[in-house]
Amino acid sequence: MRVNLLHRTGAQQQSLPHGEHLVLDLGLEPIILAGADGDEVVQEVLGSALVRPLTNASDILFRQGVMQDFLQHPDLLQSLYDVTGRAIAAEHEARRHSLSMFDRPGSRLHDSVALLYLLLDFLKELRQLADTNTSMVRSEGVLAFLSATRDDLSDDYLEEVAFHLRSLRFTAGIPATVRVSPGNGITDYRLDQPTERRWRLLDLISMPRRSPYMVTLAERDEAGGSALRNMRDFSLNDLADTMERSAKHVQGYLHRLHREAAFYIGAVNLLQTFTRRNIATCFPESDDSLTPVLTFTALCDAGLALRGQGAPVPVDLDADGRTLILITGANSGGKTTFLRSVGIAQLLTQAGLPVPARSFRTAPAGQILTHFKREEDASFTSGKLDEELSRMSGLVPDLMPGSLILFNESFASTSEAEGSEIARNIVLALTQRGIRVVYVTHMYQLAKGLDEMHDGTHLFMRTVLTAEGQPTYQLHPGAPEPRSNGIEMYDRVFHH
């Protein structure tokens, strides 16, 4: 039985290295919580998906198509989540009453048969959902899932499974064939086909017939009882193993479906939250181009918007063909907000989710990494620059052409001359290997040196202030200027 609502082939994406830094640096928690809406399963699944990005455009389009289908048919999505959730709850309850404490084949077989019989009702519910909805969906993922559900869980199949499960209760005894060895031992255990007892009226009003092959043990014949139990265990062992595997397969199917439905529950919740906050959203375009692609209109920082800290100012950008975007300007002018908005939008795109922008187009990145400034090392075992260099060294092995790395005030903990030289060498080494860089900095020497290279793959942007020196939280293309926020504050305080 197949699910494949998140991945066309069922193959799972690898988690990004340093994913915990992404969550912290980009402020992903409000996004995850908004999507979860209090559901712990949705929260875990959505958080995991954001740090396991899809890396090609076709997979992103596949997931977007599934989400659009569920937006059109929310009752189907909720039913899939509810049915599988009830199945998992019933499974947990059954485990509380299982005989698994007795690690014998008979006990294991009993538990597996009982669990499969219990889960059969939930499989029937899924089949009914497939019957009702297959003709209404359009996406490749949902259509394939519902069609496979109808084929795999046909009426004949479900009836046959129910019949065999009833037979495996062995109400008429355990039929087995064995051989007697030359030393009068018993070998070659083989369980015969069990038959379901079909009661007739005569059976109910008459005494049952005694089998001619009946062995009666003496009351205290412990050796005989042990031998009989061993015969039973040997006869049932292979069947118990098979039924355990079958039960785990069905459990795995229901758990996978529950988690994959949970992702889309979170996606729909997130989109509805954006809509309630009057945040423009779009399904982003992804482009597998070998050259850098990044263009958007009215992009805002989703985390900032969801934290309720005022309406974020939307930003436009055309950075196609640019391997480096370097942002300079005044403090509190929107540089870090812009950096986070780009990183969040990239992750949302590669999760197959809507983006808080009027339009957004990008190339999927093989790796998405951050290098944000940190507080001083509390243990005093190293300085800030040592820590930054060590952290950068830890990121390098994970980088590959097409990766995206976001720097926020990196290497500014030393003198500007030294920090600029370190940052310049790192930035050039990365971009020359096809790694995309977005860098926020106050280091004018770094910005000026890179600008003087007149490299067409470099894009420079700066914050925009009003005539009174107030931030507008807008960023426009422009060469870096030798001004700092400290100078601007001095001018405002002492010259006005």
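Structure first, text after, so check above.
Here we summarise the structure given alongside this text. (Residues numbered from 1 in each chain as written. Predicted model: local features only at pLDDT ≥ 70, side-chain atom pairs only at ≥ 80, totals over all residues. Heavy atoms only, no water.)

**Thoughts on the overall build of the chain**
Each helix and strand counted, the chain has 16 helices and twelve strands in total. Burial statistics for the chain: of 496 residues in total, 46% are counted as buried. A separation of at least 24 residues holds for 76% of the contacts in the chain among residues at least 6 apart in sequence. Surface accessibility of the chain: about 25600 Å² in total, with carbon and sulfur atoms responsible for 52%. (Helix = DSSP H or I, 4+ residues; strand = E, 2+ residues; numbered from the N terminus. Buried < 20%, exposed > 50% of the residue type's maximum accessible area, 1.4 Å probe, protein only. Contact = heavy atoms within 4.5 Å. Areas by Shrake-Rupley, 256 points an atom, 1.4 Å probe, with all protein chains shown as cover.)

**Details of the sheet that holds strand E12 (residues 471-477)**
Strand order across the open sheet formed by six strands is E8-E9-E10-E6-E11-E12, with mixed pairing between neighbours. Unpaired on one side and paired on the other, strand E8 (368-372) and E12 mark the two borders of the sheet. Each adjacent strand pair in this sheet contributes to an overall mean axis angle of 15 degrees, direction not counted. With four bridges connecting them, strand E6 (residues 324-328) and strand E10 (residues 436-440) associate as parallel partners. Bridge pairing in E10 places Ile327 opposite Val440. Of the strands in this sheet, E6, strand E9 (404-408), E10 and strand E11 (458-465) are in contact with helix H14 (residues 416-431), which crosses E10 at around 155 degrees. (Pairing = 2+ DSSP bridges. Axes fitted to C-alpha atoms, helices over the stretch in contact; angles between N-to-C directions.)

**Comments concerning helix H5 (residues 74-96)**
The terminal C-alpha atoms of H5, which comprises 23 residues, lie 33 Å apart, in line with the 33 Å expected from a rise of 1.5 Å per residue. Residues of H5 that are buried include every one of Leu76, Leu77, Leu80, Tyr81, Val83, Thr84, Ala87, Ile88, Ala90 and Glu91, and no others. Elements that come into contact with the buried residues of H5 comprise helix H3 (40-50), helix H4 (57-72), helix H6 (105-133), helix H7 (140-152) and helix H10 (222-276). (Expected span 1.5 Å × (residues − 1).)

**Some details on the sheet that holds strand E5 (residues 315-318)**
Strand order in the open sheet made by the four strands is E3-E7-E4-E5, with mixed pairing throughout. Strands with a single pairing partner mark the edges of an open sheet, and in this sheet they are strand E3 (285-286) and E5. As defined by bridge partners, strand E4 (residues 294-299) adjoins strand E7 (residues 359-362) across four bridges and the pair is classed as antiparallel. Bridge assignment links Thr295 to a residue of E7, and that residue is Arg361. Relative to the sheet, helix H12 (residues 335-350) contacts E4, E5 and E7, its axis offset from that of E4 by approximately 110 degrees.

**Looking at the layout of surface pockets**
One water molecule sets the probe size; rolling that probe over the atoms shows where empty space is left. Space inside the second largest pocket adds up to approximately 410 Å³. Along the walls of the second largest pocket sit 17 residues, with Arg95, Ser98, Asp111, Ser112 and Leu115 positioned nearest its centre. For the lining of the second largest pocket, the secondary-structure elements that each account for two or more residues are H5, H6 and H10. The dominant element in the lining of the second largest pocket, judged by the number of residues it contributes, is H6, at seven residues. Of the residues assigned to the lining of the second largest pocket, the class counts are four nonpolar, seven polar and six charged. (1 Å grid on protein atoms, 1.4 Å probe; cavity = no way out; pocket = protein on both sides within 12 Å on 5 of 7 lines; lining within 4 Å. Points joined across faces, edges and corners; volume = space filled by probe spheres on them. Nonpolar A, V, L, I, M, F, W, Y, C, P; charged D, E, K, R; others polar.)

**Digging into the packing of H5 against H10**
Describing two packed helices takes the angle between their axes plus the distance from one axis to the other. Interaxial distance between H5 and H10 falls to 8 Å at its minimum, and their mutual angle equals 140 degrees. It follows that H5 is oblique to H10 by the angle criterion. As for the relative orientation of H5 and H10, their crossing is left-handed in sense. Residues Leu77, Gln78, Leu80, Tyr81, Thr84, Gly85, Ala87, Ile88, Glu91 and Arg95 of H5 lie in contact with H10, whose contacting residues are Gln251, Leu254, His255, Leu257, His258, Ala261, Ala262, Tyr264, Ile265 and Val268. Of the residues that constitute the contact of H5 with H10, the class distribution is twelve nonpolar, six polar and two charged. (Parallel < 35°, antiparallel > 145°, perpendicular 65-115°, else oblique. Left-handed = near helix turned anticlockwise from the far one by under 90°.)

**Remarks on empty space enclosed by the protein**
Taken as a whole, this structure holds one cavity of 30 Å³ or more when the rule is applied. The calculated volume of the largest cavity comes to roughly 70 Å³. Looking at the largest cavity, it is lined by 13 residues, and the ones nearest its centre are Leu294, Arg322, Ile325, Leu404 and Arg436. Top element by residues in the lining of the largest cavity is E10. It accounts for three residues. Looking at the lining of the largest cavity, its residues break down into nine nonpolar, two polar and two charged.

**A closer look at the packing of aromatic side chains**
By the definition in use, this model includes six aromatic pairs. For the pair Phe296 and Phe338, a centre-to-centre distance of 6.3 Å together with 45 degrees between the ring planes defines the contact as tilted. Pair noted here: Phe296 is in strand E4 and Phe338 is in helix H12, with a separation of 42 residues, a long-range link. When its relative accessible area of 1% is taken as the criterion, Phe296 is described as buried. Centre to centre, the rings of Phe296 and Phe360 are 5.6 Å apart; their planes meet at 10 degrees, and the pair counts as stacked. Taken together, the residues Phe296 in strand E4 and Phe360 in strand E7 connect sequence positions 64 residues apart. Here the aromatic residues Phe70, Phe263 and Tyr264 are joined through ring pairs into a cluster of three or more. Stacked on the ring of Phe263, the Lys or Arg Arg63 has its end atom at 5.1 Å from the ring centre. Lying over the aromatic face of Tyr117, Arg169 brings its terminal NZ or CZ to 4.5 Å of the ring centre. (Phe/Tyr/Trp six-rings, centres within 6.5 Å; stacked < 30°, edge-to-face > 60°. Lys NZ or Arg CZ within 6 Å of the ring centre and 35° of its normal.)

**With respect to the environment of Arg229**
Tracing the chain through its elements places Arg229 in helix H10. Classification of Arg229 by relative accessible area gives partly exposed; the value is 46%. Separated by 125 residues in sequence, Arg229 and Arg104 have C-alpha atoms that sit 9.7 Å apart.

**Quick look at H7**
Look at H7: 18 Å from first C-alpha to last across 13 residues, which is about the 18 Å you get at 1.5 Å a residue. Among all positions of H7, only Gly141, Val142, Phe145, Leu146, Ala148 and Thr149 are buried. Axial view of H7: buried residues confined to an arc of 160 degrees, hence all on one face. At its buried positions, H7 is contacted by H4, H5, H6 and H10. (Arc of directions from axis to C-beta.)

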